[in-house]
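Chain by chain, the residues:
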Amino acid sequence: MKKTTTINLAGMVYHIEEDAYQILKQYISDIKRVFSSQEGVEEMVADIELRIAELFQERLNKNKEVITSNDVEHVMLIMGSPNQFDEDFEESEEKYYYQASSKQERTKRLYRDTDEGMLGGVSSGLAHYLGIDPVIIRVLWIVLVLAGGSGILIYIIAWIAIPEAKTTAQKLQMRGQSANLDNIKAFAESVKEEAKTGFNRASQSVKRSMNKSSGAFANLVRALGRVFGFVIFIAGILGVIFTVLFFWADFNLFYINNEIVNADLGTIIELFFTNTTLASWMIFTTAIVPLIFLIIAGSMFLFRQKPKSRTFVLTLLILWFVAIVGLAFLSVQTGLDFKETYKSQEETFISGDYQELQINLFEEDLMITNAMDYDFDSYLTIYENQVKLGYARIEVLTASDSLFYYSVEKRSSGGSLKSAKERSEEIVFDIQQTGNVLDIPARYGFPKKSKIRGQKVNLKIYVPIGKQIILNGNLEQYPLKIQTRTRFSSDFLERTSIWEATQLGMEFKGFLK
Amino acid sequence: MKVENTQAQMRKGILEYCVLSILSKKECYPSEIIEQLKEAELIVVEGTLYPLLTRLKNADLLDYRWEESSAGPPRKYYELTKSGLTFLGQLKTTWNTLNKAVNQLENKAL
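It should be emphasised that the depicted structure is a prediction, and the values quoted were computed from it without experimental measurement.

A. Region of the structure containing the overall build of chain B. Across its full length, chain B carries four helices and two strands. N-terminal to C-terminal, the α/β element order of chain B is α-α-α-β-β-α. Relative to its 110 residues, chain B shows a buried fraction of 25%.

Pasting the structure below:
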């Protein structure tokens, strides 16, 4: 007993068996494809259908009412394959042979395999199409996701662009099998088997029966997949734990040249972004979603299991995109906050007829005796209400005046000149003068609420001609510039050094004994 | 160089000529043309005729009309148009020339 269907061929009704119908349908669509470039192909196909109808008519009689696959094959033999139709095709040998040899592949179509797929079935579908194990493609996705996240975008595009294999015929086509009766039967069997065994997926058993030869390789790939799954699963979990700690605990993990910045990520975000809460949530989402995906991907490899809910995964993806877009927006907004720069300058004269000026550099109320220990470029310390960002740059120059004096330049950026000016005024840099001793804080600070907006402090110390300046401590590594008469070498700063101002610049006099 | 290619080339032109020639005698539906061509062993598979008919029709060398059939689907009768007739005439001249040329060359003793 076989199921039949009815078709309308050139206005005649024919009863045809299901498998025969599939073959005929394929045949006609093959003709259409081969002649797709020719004008009037529809009419030609209609003519051919007419002839097929006639040929069917010849094969039917009172005792035979149904077209079988035998009949269809007989008709196809008479009509010939589409490649034989047009002698033009034989002219170009290559084309002809290509068509003939790739006949098998040509019937393969790219679909998403939602039966075997983990998420949208893109990997599984691609694997069928390319004839490789889906694990390889999934590993590639994860590599792409880790290397910049482009994998997620490509996946979504593929998800949207590639149609899902819904019907049995499409599912078989996806695997490169023609939808003939045997294949449909085998497929149905395997589905039944799945229902029985419960854990073995149908398509897998179909696949196993199809390419037994690659069994050993597939097993190896699968084992590697598990190891890989375990690694990324654990990596994902650790990542989530650390990310949460970064954001919501005072967990100091930012080391800069062995010096711990005593702030959690949240504080650092607060120091940059205008809208702190929004920014931290967005950064958190941006960071945590790929990690959750890692966990999901890892568990997929590890337990060979589909994620429980696709909606969950989709929601995460959408959240991730929103966060990234939002973050880009906030970053632009923050960037605009650097648009204007304001410089304030203040000069202070040191009254009194001193022959020499002593310079002491202080940090945390301690005199710097060895600046070799500091990293002066990216040192950020965050206190309860104050931020210290880097070191003041100091320059020693010859003064045209007869008095020692120094000028402090405070610089900051802001969205407007006004806010830049306000910020520059908020910079704290207090120089203490006692007699001929200047106690200079090595670092400058500003209140947390001014946020990091390119604040800088430049200190210029002017020495009258003929007078001396003593720089205390080893300042070799300190951002200190001396306008010298002759070649300057930082060796001159390796111990407490004495400098004298001349017409042409500072002159090194020697180290203090 | 494959002999099949050359054969196909030779057959291709002749096939067009023969189809037009058949249709010049009387209007036919495809099955009739196929029968004639098969008898003359000019085609192997029936499908060959259809792209050819389409091309000739697209070139306005052929026209057709429908006719009901008592047993089976309706029939599409093809016939030559005026330009089809002219075309055939030109082909005929060429064919005669070629035929003569081939015969002459083959039989001429050198």
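Further notes follow.
B. Broad picture of the packing of helix 2 (residues 41-59) of chain A against helix 3 (residues 49-58) of chain B. Where helix 2 of chain A contacts helix 3 of chain B, the two axes come as close as 9 Å, and the packing angle between them is 135°. As judged from the angle between their axes, helix 2 of chain A and helix 3 of chain B are oblique. Here helix 2 of chain A and helix 3 of chain B pass one another in a crossing that is right-handed. Here Glu43, Met44, Asp47 and Ile48 of chain A of helix 2 of chain A lie close against helix 3 of chain B, whose contacting residues are Tyr50, Pro51, Leu53 and Thr54 of chain B. When its residues are assigned to classes, the contact of helix 2 of chain A with helix 3 of chain B shows five nonpolar, one polar and two charged.

C. Layout of the sheet that holds strand 9 (residues 380-382) of chain A. Residue and element names in this part refer to chain A. The strand order 9-10-15 describes an open sheet built from three strands, whose pairing is antiparallel. Taken across any chain shown, the strands that pair with only one partner, and hence form the sheet edges, are strand 9 and strand 15 (443-447). Sheet twist, expressed as the mean angle between neighbouring strand axes with direction ignored, is 20°. Two elements, strand 9 and strand 10 (residues 386-391), share three bridges in a ladder whose sense is antiparallel.

D. Summary view of the nonpolar core. One finds Ala20 of chain A together with Leu20, Leu49, Tyr50, Leu53 and Leu62 of chain B to be the most contacted residues of the largest nonpolar core, which totals 39 residues. Apart from residues no more than four positions distant in its own chain, Leu62 of chain B is found in contact with Leu23, Leu53, Leu56, Lys57, Tyr78, Leu80, Thr81 and Gly84 of chain B. Counting residues in each nonpolar core, the second largest holds 38 residues, with Ile452, Val463, Ile469 and Met506 of chain A among its members.

E. Spotlight on the interface of chain A and chain B. Listed per partner, the contact involves 25 residues of chain A and 22 residues of chain B. Among the secondary structure elements, those contributing two or more residues to the side of chain A that touches chain B are helix 2, helix 3 (69-79), helix 4 (82-85) and helix 5 (87-91) of chain A. Within the side of chain A that touches chain B, the residues separate by chemical class into ten nonpolar, six polar and nine charged.

F. Molecular detail of the packing of helix 1 (residues 3-25) of chain B against helix 4 (residues 82-107) of chain B. Residues and elements named next belong to chain B. Packing of helix 1 against helix 4 brings their axes to within 10 Å, and their N-to-C directions diverge by 125°. With respect to their mutual orientation, helix 1 and helix 4 come out oblique. Where helix 1 crosses over helix 4, the handedness of that crossing is left-handed. From helix 1, Tyr17, Leu20, Ser21 and Ser24 reach across to helix 4, where they touch Gly84, Leu85, Phe87, Leu88, Leu91 and Trp95. When the residues that make up the contact of helix 1 with helix 4 are grouped by side-chain class, the tally is seven nonpolar, three polar and no charged.

G. How the structure looks around helix 1 of chain B. All names here are of chain B. End to end, helix 1 covers 33 Å across 23 residues, agreeing with the expected 33 Å (1.5 Å per residue, within 8%). For helix 1, the complete set of buried residues consists of Val19, Leu20 and Leu23. Those residues of helix 1 that are buried are in contact with helix 2 (30-39), helix 3, strand 1 (62-67), strand 2 (75-80) and helix 4.

H. Seen up close, the sheet that holds strand 2 (residues 12-17) of chain A. All names here are of chain A. Pairing in this open sheet of three strands is mixed, and the strands run 1-2-3 from one edge to the other. Both outer strands of the open sheet, strand 1 (4-9) and strand 3 (66-67), are each paired with one neighbouring strand and no more. In this structure, strand 2 lies alongside strand 3, joined through two bridges in parallel fashion. Looking at the pairing, His15 lines up with Val66 of strand 3. Docked against the sheet, helix 1 (residues 18-34) engages strand 1, strand 2 and strand 3, running at close to 115° with respect to strand 2. Contacts from helix 2 reach strand 1, strand 2 and strand 3 within the one sheet, and its direction differs from that of strand 1 by about 125°.

I. Spotlight on unusual backbone geometry. All names here are of chain B. Positioned with a positive phi, Glu41 is a non-glycine residue whose angle comes to about 55°. Residue position: Glu41 is located in the loop between helix 2 and helix 3. Taking the number of C-beta atoms within 10 Å as the measure of exposure, Glu41 has 7 and is therefore exposed.

J. Spatial organisation of the confidence of the model for chain A. Residue and element names in this part refer to chain A. Per-residue confidence for chain A gives a mean pLDDT of 79, with 81% of residues at or over 70. Ranking the elements of chain A by mean pLDDT puts helix 6 (residues 93-101) last with 38 and strand 16 (residues 456-464) first with 93. Confidence drops under a pLDDT of 50 for residues 89-106, and excluding neighbours within four residues, the segment shows 14 contacts in the predicted structure. Taken as a whole, residues 205-213 scores under 50 in pLDDT and shows six contacts with residues more than four places along the chain or in a different chain.

K. Summary view of the environment of Glu73 of chain A. Within the secondary structure layout, Glu73 of chain A lies in helix 3. Placed 49 residues apart in sequence, Glu73 of chain A and Leu24 of chain A show a C-alpha to C-alpha distance of 8.4 Å.

L. Highlighting the environment of Lys388 of chain A. Residue and element names in this part refer to chain A. Tracing the sequence through the fold places Lys388 in strand 10. Here the alpha-carbon distance between Lys388 and Val428, two residues 40 residues apart in the chain, equals 9.3 Å. In this structure Lys388 touches Thr381, Arg443 and Gly445, once residues within four positions along its chain are discounted.

M. Just helix 2 of chain B, in detail. Residue and element names in this part refer to chain B. Pro30, Ile33 and Ile34 are the residues of helix 2 that are buried. One side of helix 2 holds all its buried residues, which, seen down the axis, span an arc of 100°. Where helix 2 ends, the next residue or the one after it, Glu41, has phi of about 55°, a positive value.

N. Region of the structure containing the environment of Thr381 of chain A. As for its placement among the helices and strands, Thr381 of chain A is situated in strand 9. In this structure, the C-alpha to C-alpha distance between Thr381 of chain A and Gly445 of chain A, residues 64 residues apart in sequence, is 9.2 Å.

O. Spatial organisation of the pairing of strand 2 of chain A. Residues and elements named next belong to chain A. Relative to strand 2, strand 1 is paired through six bridges, and the arrangement is antiparallel. Across the sheet, the residue bridging to Thr5 is Ile16, located in strand 2. Adjacent in sequence and paired antiparallel, strand 1 and strand 2 are bridged by two residues, among which Ala10 carries a positive phi angle near 50°.

Cut-off values and rules
- Residues numbered from 1 in each chain as written.
- Chains lettered and ligands numbered in written order.
- Predicted model: local features only at pLDDT ≥ 70, side-chain atom pairs only at ≥ 80, totals over all residues.
- Helix = DSSP H or I, 4+ residues; strand = E, 2+ residues; numbered from the N terminus.
- Buried ≥ 20, exposed ≤ 12 C-beta atoms within 10 Å, placed from the backbone.
- Axes fitted to C-alpha atoms, helices over the stretch in contact; angles between N-to-C directions.
- Parallel < 35°, antiparallel > 145°, perpendicular 65-115°, else oblique.
- Left-handed = near helix turned anticlockwise from the far one by under 90°.
- Contact = placed C-beta atoms within 7 Å.
- Nonpolar A, V, L, I, M, F, W, Y, C, P; charged D, E, K, R; others polar.
- Pairing = 2+ DSSP bridges.
- Core = buried A, V, L, I, M, F, W, Y, C linked by C-beta atoms within 7 Å.
- Expected span 1.5 Å × (residues − 1).
- pLDDT = per-residue confidence, 0-100.
- Arc of directions from axis to C-beta.

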